[in-house]
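# Secondary and tertiary structure notes
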Amino acid sequence: MKQETFSDIIKKYDRKDIEKQIYSKTEADVIAALNKERRDLSDFMALISPAAEKYLEQMANVSHKLTRKRFGNTVQLYLPLYLSNYCENQCVYCGFNAANKINRKVLDKSEIEAEIDAIKHFGFEHILLVTGESNYHAGVDYLADAIRQVKEEFSQVTIEVQPLDTDGYIKLKEAGLHGCYIYQETYNQETYNNYHLKGKKADYSYRLETPDRLGQAGVYKIGLGCLLGLEDWRIDSFYTALHLKYLEKKYWKSKYCLSFPRLRPHVGSFQPNYPISDAQLVQLICAYRMLDGEVELSISVRESAKFRDNIYKLGITSMSAGSKTEPGGYAINSHALEQFEVHDGRTPQEIESMLKQNNYEAVWKDWDPYMG
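Please read all numbers here as calculations on a predicted model, not as lab measurements. (Residues numbered from 1 in each chain as written. Predicted model: local features only at pLDDT ≥ 70, side-chain atom pairs only at ≥ 80, totals over all residues. Heavy atoms only, no water.)

### Notes on the packing of helix H8 (residues 166-175) against helix H11 (residues 210-217)
The line we're drawing: Working convention: axes come from line fits to C-alpha atoms, limited for helices to the stretch in contact. Angles between N-to-C directions cover 0 to 180 degrees. Secondary structure follows DSSP: runs of H or I at least 4 residues long count as helices, runs of E at least 2 residues long count as strands, and numbering of each begins at the N terminus. The cut-offs work like this: below 35 degrees is roughly parallel, past 145 is roughly antiparallel, 65 to 115 is roughly perpendicular, and the gaps in between are oblique. Crossing chirality is assigned from the near helix's rotation relative to the far helix, an anticlockwise turn below a right angle marking it left-handed and a clockwise turn marking it right-handed. Contacts are residue-level and defined by heavy atoms, with any inter-residue pair within 4.5 Å sufficient. Residues are grouped as follows: nonpolar covers Ala, Val, Leu, Ile, Met, Phe, Trp, Tyr, Cys and Pro; charged covers Asp, Glu, Lys and Arg; every other residue, Gly included, is treated as polar.
Between H8 and H11, the least distance of the axes is 8 Å, while the angle of their chain directions is 50°. Judged by the inter-axis angle, H8 sits oblique to H11. For the crossing formed where H8 meets H11, the hand is right-handed. Contacts between H8 and H11 pair Thr-166, Tyr-169, Ile-170 and Lys-173 from the former with Thr-210, Arg-213, Leu-214, Gln-216 and Ala-217 from the latter. Partitioned by chemical class, the residues of the contact of H8 with H11 number 4 nonpolar, 3 polar and 2 charged.

So, in structure tokens, the structure goes:
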């Protein structure tokens, strides 16, 4: 008998009905959600609704208190190491699109070592390995070798790569994998293939069930998110919250992280269909924190220094620092294409200094699993 996955759960929710529920929330619903100690998905709908926009200050205060209660005055810093920009998909919003005529690069062991030598002095103990989605150029064996190599210098390794089957994740876990980020981009199945034209990523259901396979493989940390700008951010964010709650209940031994990528300039002409403002992004981050006091919330260098200098106080618990988003960006200067444009170009030490000035501590390693 096939085990129930999130693909089965999501079919029980009609997108039009979810949209109606969110946009019909009233100020009374928002106030009720603000005053609760424990909030459910209906409260989350209220907090991301248009009716909640005038309550942003109150939401920020609650979110700040909840974040400090669970995480203290700390912000985890991480660094992405891009291994490859080869990709077999054609995603209309991404610079790695297989149809784009760009310089492609996959790092070999000596080049990975050069990247490690260039970044290890920053102080990071936790690193994120990133590739385009190409099983041919960066498949399971390549990734397992890369994880083992990087583990010699860093205590924890997470990945952001193409979806794999359960056995693939088990193999990577045996190599030392700590966590994996996988973004659905949009939960709107009707429009999904408008953005994902070719490649394995065009398989909506396979991608949707990837966190289930991670949970089945026993991967310690699972990261979720949608690409803000493709579809109505409120509706997609509800489905992300639904996905999170499903996973937390079913794969309770894993921990979870949510990320908030907004569309940024890249090679091509795709522009966001549903832009999300800074204020709305703050609203969304606070709403997630008020729904879930335990989940980690992460922000990347896609966002400006000014925005990041304020948002970590309101709910964010981890942020990238000193990021280069092309293979070989730290040491090799390969001139390969960046995946997206960096908006916060400060060094890790500059980010650490900013945090210290505001009485926050930079944490250079992800939280370890509790073994008790």
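Anyway, onward from the coordinates.
### Points about the environment of Leu-228
Threshold: We call a residue buried when its accessible area falls under 20% of the maximum for its residue type, exposed when it is over 50%, and partly exposed in between, using a 1.4 Å probe and counting protein chains only.
Of note, Leu-228 is situated in the loop between strand E5 (221-224) and helix H12 (233-250). On the basis of relative accessibility, which here comes to 4%, the residue Leu-228 falls in the buried class. Residues Leu-228 and Gln-156, spaced 72 residues apart in sequence, show a C-alpha to C-alpha distance of 28 Å. Beyond its immediate stretch of four places on either side in the chain, Leu-228 contacts Trp-233, Ser-237, Phe-260, Pro-261, Arg-262, Leu-263, Ile-276, Leu-281 and Leu-284.

### So, the pairing of strand E2 (residues 126-131)
To keep things clear, this is the line we draw: Strands are treated as partners if at least two bridges between them are detected by DSSP. Here the term right-handed applies to a crossover when the path leading from its first strand over the helix to its second strand runs clockwise, the strands being oriented away from the viewer.
The element E2 is largely enclosed, with a buried count of 6 among its 6 residues. Of the two faces of E2, the one lined by His-126, Leu-128 and Val-130 and the one lined by Ile-127, Leu-129 and Thr-131 are each fully buried. Where strand E1 (residues 74-84) lies against E2, 5 bridges are found, and the strand directions are parallel. By the bridge assignment, Leu-81 is partnered in E2 with Leu-129. By the bridge criterion, 5 bridges tie E2 to strand E3 (residues 156-160) in an arrangement that is parallel. Each residue of the ladder has a partner; that of Ile-127, found in E3, is Val-157. One crossover worth recording links E2 to the parallel E3 by way of helix H7 (residues 140-151), and it is right-handed.

### What to know about the packing of aromatic side chains
Cut-off, in case you're wondering: Aromatic pairing here means that ring centres of Phe, Tyr or Trp (its six-membered ring) are within 6.5 Å. Orientation follows from the plane angle: under 30 degrees is stacked, over 60 is edge-to-face, and everything else is tilted. For a Lys NZ or an Arg CZ to count as sitting over a ring, it must be within 6 Å of the ring centre and within 35 degrees of the ring normal.
Counted by the stated rule, this structure contains 12 aromatic pairs. Ring centres 4.9 Å apart and planes at 40° place the aromatic pair Phe-44 and Tyr-288 in the tilted group. Of this pair, Phe-44 sits in helix H4 (residues 41-48) while Tyr-288 is found in helix H13 (residues 278-291), placing the two residues 244 residues apart along the sequence. The two residues Phe-44 and Tyr-288 agree in class, both being buried. Note on Phe-122 and Phe-124: the rings are 6.4 Å apart at their centroids and 85° apart in plane angle, and the pair reads as edge-to-face. Accessibility expressed as a relative area gives 4% for Phe-124, which makes it buried. Three or more aromatic residues joined by ring pairs make a cluster, and in this case those are Phe-6, Tyr-13, Tyr-187, Phe-238, Tyr-239 and Tyr-246. Cation over ring: Arg-262 sits above Phe-307, and NZ or CZ is 5.6 Å from the ring centre.

### Thoughts on the side chain of Asp-232
The cut-off we apply is this: Neither His nor the chain ends contribute to the count of charged residues, in which Lys and Arg are positive and Asp and Glu negative. Within this document, salt bridges are pairs made up of a side-chain nitrogen of Lys or Arg and a carboxyl oxygen of Asp or Glu, the two lying within 4 Å of each other. The term polar contact refers here to a pair of N or O atoms within 3.5 Å; inside protein, the definition further demands a hydrogen-donor-capable atom paired with an acceptor-capable atom, and it admits residues adjacent in sequence only when both atoms are side-chain atoms.
Within the fold, Asp-232 resides in the loop between E5 and H12. Of the side chains with opposite charge, Arg-234 lies nearest to the buried Asp-232, which makes no salt bridge, at 5.0 Å. A polar contact of 2.6 Å, which involves the side chain of Asp-232, links it to the side chain of Tyr-23. Leaving out residues up to four positions away in the same chain, Asp-232 has contacts with Arg-15, Tyr-23 and Tyr-274.

### Focus on unusual backbone geometry
Look at Glu-185: it is not a glycine, yet its phi comes out positive at around 75°. Residue position: Glu-185 is located in the loop between strand E4 (177-181) and helix H9 (189-195).

### Observations regarding the pattern of salt bridges
Applying the stated criterion to the full structure yields 23 salt bridges. With its nearest N and O atoms 2.7 Å apart, the salt bridge here joins Arg-234 to Glu-53. Here Arg-234 is found in helix H12, whereas its partner Glu-53 is found in the loop between H4 and helix H5 (56-71), with 181 residues between them in sequence. Put simply, Arg-70 and Glu-294 hold a salt bridge, and the shortest N to O gap is 2.7 Å. Of this pair, Arg-70 sits in helix H5 while Glu-294 sits in the loop between H13 and strand E7 (296-299), placing them 224 residues apart in sequence. For Arg-70, a relative accessible area of 37% corresponds to the partly exposed category. Salt bridges here are not isolated pairs; linked through shared partners, they connect Arg-308, Asp-309, Asp-344 and Arg-346.

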